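Reading the structure
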Amino acid sequence: QVQLVESGGGLVQAGGSLRLSCAASGRTFSNYNMAWFRQAPGKDRELVAHIGRFAVNTYYADSVKGRFAISRDNAKNTLYLQMNNLKPDDTAVYYCAASGKWTRIGDIEPDYWGQGTQVTVSS
């Protein structure tokens, strides 16, 4: 069992930045592939970024590539998403997710989810 708790969401002006954090507990953090998903009202949940167990490989959705950066600190059991140059279309609930399954980068099937944190970008 892995517990995931997101933080760092909020309201920001377009062009601004936020850093989301996901604190993990319960099992060895480095055993898990980690990812950020997001879901806007009326939209399907989408994969934003994916990072391998030791951060060797990362994946980004085309819509955020070059603006967002996923990282992890296994010693702190924490996942991060640095979001720069935010756009109104980035407005969504952002979810931290973990998978203990082996998978190709960009093709994660989460086993655990956080509660989500709201990110709102005003124009």
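Our structure's up above, just so we're on the same page.
How each quantity is defined
Residues numbered from 1 in each chain as written. Predicted model: local features only at pLDDT ≥ 70, side-chain atom pairs only at ≥ 80, totals over all residues. Heavy atoms only, no water. Pairing = 2+ DSSP bridges. Helix = DSSP H or I, 4+ residues; strand = E, 2+ residues; numbered from the N terminus. Axes fitted to C-alpha atoms, helices over the stretch in contact; angles between N-to-C directions. Core = buried A, V, L, I, M, F, W, Y, C linked by side-chain atoms within 4.5 Å. Buried < 20%, exposed > 50% of the residue type's maximum accessible area, 1.4 Å probe, protein only. Contact = heavy atoms within 4.5 Å. Disulfide = S-S within 2.5 Å. Phe/Tyr/Trp six-rings, centres within 6.5 Å; stacked < 30°, edge-to-face > 60°. Lys NZ or Arg CZ within 6 Å of the ring centre and 35° of its normal.

**Regarding the sheet that holds strand S7 (residues 68-73)**
Spatially, S1-S3-S8-S7 is the arrangement adopted by the four strands of the open sheet, whose pairing is antiparallel. Two strands lie at the open edges of the sheet, namely strand S1 (3-7) and S7, each paired on one side alone. The mean inter-strand angle of the sheet, taken between neighbouring strand axes irrespective of direction, is 15 degrees. Judged from the six bridges that link them, S7 and strand S8 (residues 78-83) form a sheet pairing that is antiparallel. Of the residues in S8, the one forming a bridge with Asp73 is Thr78.

**So, the nonpolar core**
Ranked by internal contacts, the top residues of the largest apolar core, which has 30 residues, are Leu4, Met34, Trp36, Leu79, Leu81, Met83 and Tyr94. Secondary-structure elements contributing two or more residues to this core are strand S3 (18-25), strand S4 (33-39), strand S5 (46-51), S7, S8, strand S9 (92-99) and strand S11 (117-122). Excluding its chain neighbours within four sequence positions, the residues that come into contact with Met83 are Gly16, Ser17, Leu18, Leu20, Arg67, Phe68, Tyr94 and Val119. Listed in part, the five residues of the second largest apolar core include Ala35, Phe37, Leu47 and Ala97.

**Brief notes about the state of the cysteines**
One way to say it: the disulfide is the covalent bond shared by the sulfur atoms of two cysteines. All told, the structure shown has one disulfide when counted by the stated rule. With a sulfur-sulfur separation of 2.0 Å, Cys22 is cross-linked through a disulfide to Cys96. Where Cys22 bonds to Cys96 through sulfur, the torsion about that S-S bond is close to -75 degrees, and the disulfide is left-handed. Here Cys22, found in strand S3, pairs with Cys96, found in strand S9; they are 74 residues apart in sequence, far enough to count as distant. Note on accessibility: Cys22 and Cys96 belong to one class, buried.

**Focus: the packing of aromatic side chains**
A complete count under the given rule lists three aromatic pairs for this structure. When the ring of Tyr95 is compared with that of Trp113, the centres are 6.4 Å apart and the planes differ by 90 degrees; the resulting orientation is edge-to-face. Of this pair, Tyr95 sits in strand S9 while Trp113 sits in strand S10 (residues 112-113), and the two are 18 residues apart along the sequence. Note on Trp113: relative accessible area 32%, which makes it partly exposed. Connected via pairs of aromatic rings, a cluster forms that spans Phe37, Tyr95 and Trp113. It is Arg45 that lies over the ring of Tyr95; its NZ or CZ is 5.9 Å from the centre. A cation over a ring is seen here: Arg45 above Trp113, with NZ or CZ 3.9 Å from the ring centre.

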